[in-house]
Amino acid sequence: DAKTTQPNSMESNEEEPVHLPCNHSTISGTDYIHWYRQLPSQGPEYVIHGLTSNVNNRMASLAIAEDRKSSTLILHRATLRDAAVYYCILRDYRGAQKLVFGQGTRLTINP
Amino acid sequence: DAGVTQSPTHLIKTRGQHVTLRCSPISGHKSVSWYQQVLGQGPQFIFQYYEKEERGRGNFPDRFSARQFPNYSSELNVNALLLGDSALYLCASSPGLADRYTQYFGPGTRLTVL
């Protein structure tokens, strides 16, 4: 399984943008980049995913580097409810539907 | 619509015992996956079931088994419990196996082995 590297923790202020980086230098051409987050005492929650192009949805934006070896999850205006562990996951759709989670980034939002 | 539900929410067992965890997927979802999350780590994949057949298995011992029922609900069984089996057990469902589907997780069952 391809591996991702994320900072252990990040901190930001409420109502400011947050950029969560992820390195995946061994990504293959068929790997999609998925982001999930896990709020305290809850199961992981899907945030966004993409293959090559930048993606936007109601929760966040995903910026993918041209060489696909890194990506950034962007929360445009963080709220206290965005405090969670954010996981960057590479998923190869040729295999089983399993998600391979790393340690993730623990995001703290200051009021 | 109800999300993925899991029961029980908490469970305490002793070493050597057996445990059964239950999961009900979102209505219309035919695929169920199980994950183990040890404190401080990300979830680890255990099994995936689709249409009552095992479609994927993670690196877990044979003490772990699962099954899926005709109504697509699922059970995870763990025999001969060890202290190291203490974890949050997560169930995730998706409509099917197609690429476009994402997984929706339940709140988990917290298992403590004493």
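Now for a look at the structure at hand. Note that the coordinates shown come from a computational prediction; the quantities given were computed from them, not determined experimentally.

What counts, and at which threshold
Residues numbered from 1 in each chain as written. Chains lettered and ligands numbered in written order. Predicted model: local features only at pLDDT ≥ 70, side-chain atom pairs only at ≥ 80, totals over all residues. Heavy atoms only, no water. Helix = DSSP H or I, 4+ residues; strand = E, 2+ residues; numbered from the N terminus. Rg over C-alpha atoms; globule rule 2.2 N^0.38 Å. Contact = heavy atoms within 4.5 Å. Areas by Shrake-Rupley, 256 points an atom, 1.4 Å probe, with all protein chains shown as cover. Lys, Arg positive; Asp, Glu negative; His and termini not counted. Charge placed at Lys NZ, Arg CZ, Asp CG, Glu CD. Pairing = 2+ DSSP bridges. Buried < 20%, exposed > 50% of the residue type's maximum accessible area, 1.4 Å probe, protein only. Polar contact = N/O pair within 3.5 Å; in protein donor to acceptor, adjacent residues only side chain to side chain. Disulfide = S-S within 2.5 Å.

### Some words on the overall build of chain B
Summing up its helical and strand segments, chain B has 0 helices and 11 strands in all. Its helices and strands in sequence order give chain B the pattern β-β-β-β-β-β-β-β-β-β-β, from N to C terminus. Over its C-alpha atoms chain B spans a radius of gyration of 13 Å, differing by no more than 12% from the 13 Å that the globule rule assigns to 114 residues. Dimensions of chain B along its principal axes, counting C-alpha atoms only, are 40 × 25 × 25 Å. Put simply, 54% of the contacts in chain B that link residues at least 6 apart link residues at least 24 apart. Accessible surface, chain B: about 5,500 Å² in total, of which carbon and sulfur atoms supply 49%. Looking at charge distribution, chain B has the averaged site of its 11 positive side-chain charges lying 6 Å from that of its 8 negative ones.

### Focus on the pairing of strand β3 (residues 19-24) of chain B
Within a regular strand, the side chains alternate between the two sheet faces. All names here are of chain B. As defined by bridge partners, strand β1 (residues 5-7) adjoins β3 across 3 bridges and the pair is classed as antiparallel. The residue bridging T5 from the neighbouring strand is S24, located in β3. Alignment of β3 against strand β8 (residues 74-78), held across 5 bridges, turns out to be antiparallel. Across the sheet, R22 pairs through a bridge with E75, a residue of β8.

### Section: the side chain of H29(B)
Residue and element names in this part refer to chain B. Note that H29 resides in the loop between β3 and β4 (31-37). Here H29 falls in the buried class, since its relative accessible area comes to 9%. Polar side-chain contacts of H29 include one of 3.4 Å to the backbone nitrogen of S94. Not counting chain neighbours up to four residues away, the residues in contact with H29 comprise Y72, S93, S94, P95 and Y104.

### Points about the state of the cysteines
Residue and element names in this part refer to chain A. For the structure on display, the rule yields 2 disulfides over all chains. Between the sulfur atoms of C22 and its disulfide mate C88 the distance is 2.1 Å. Where C22 bonds to C88 through sulfur, the torsion about that S-S bond is close to -85 degrees, and the disulfide is left-handed. Residue C22 is found in strand β2 (residues 18-23), and its partner C88 is found in strand β8 (residues 84-92); the two are separated by 66 residues along the sequence. Among the residues examined, C22 registers a relative accessible area of 1% and is labelled buried. Residue class for C88 comes out buried when judged on its relative accessible area of 0%.

### Side note on unusual backbone geometry
All names here are of chain B. The peptide bond linking S7 to P8 adopts the cis configuration, its omega dihedral lying at -10 degrees. Here P8 lies in the loop between β1 and β2 (10-13). In this structure, Y72 is a non-glycine residue whose phi angle is positive, near 75 degrees. Looking at the element boundaries, Y72 is found in the loop between β7 (64-68) and β8. With relative accessibility at 21%, the residue Y72 sits in the partly exposed group.

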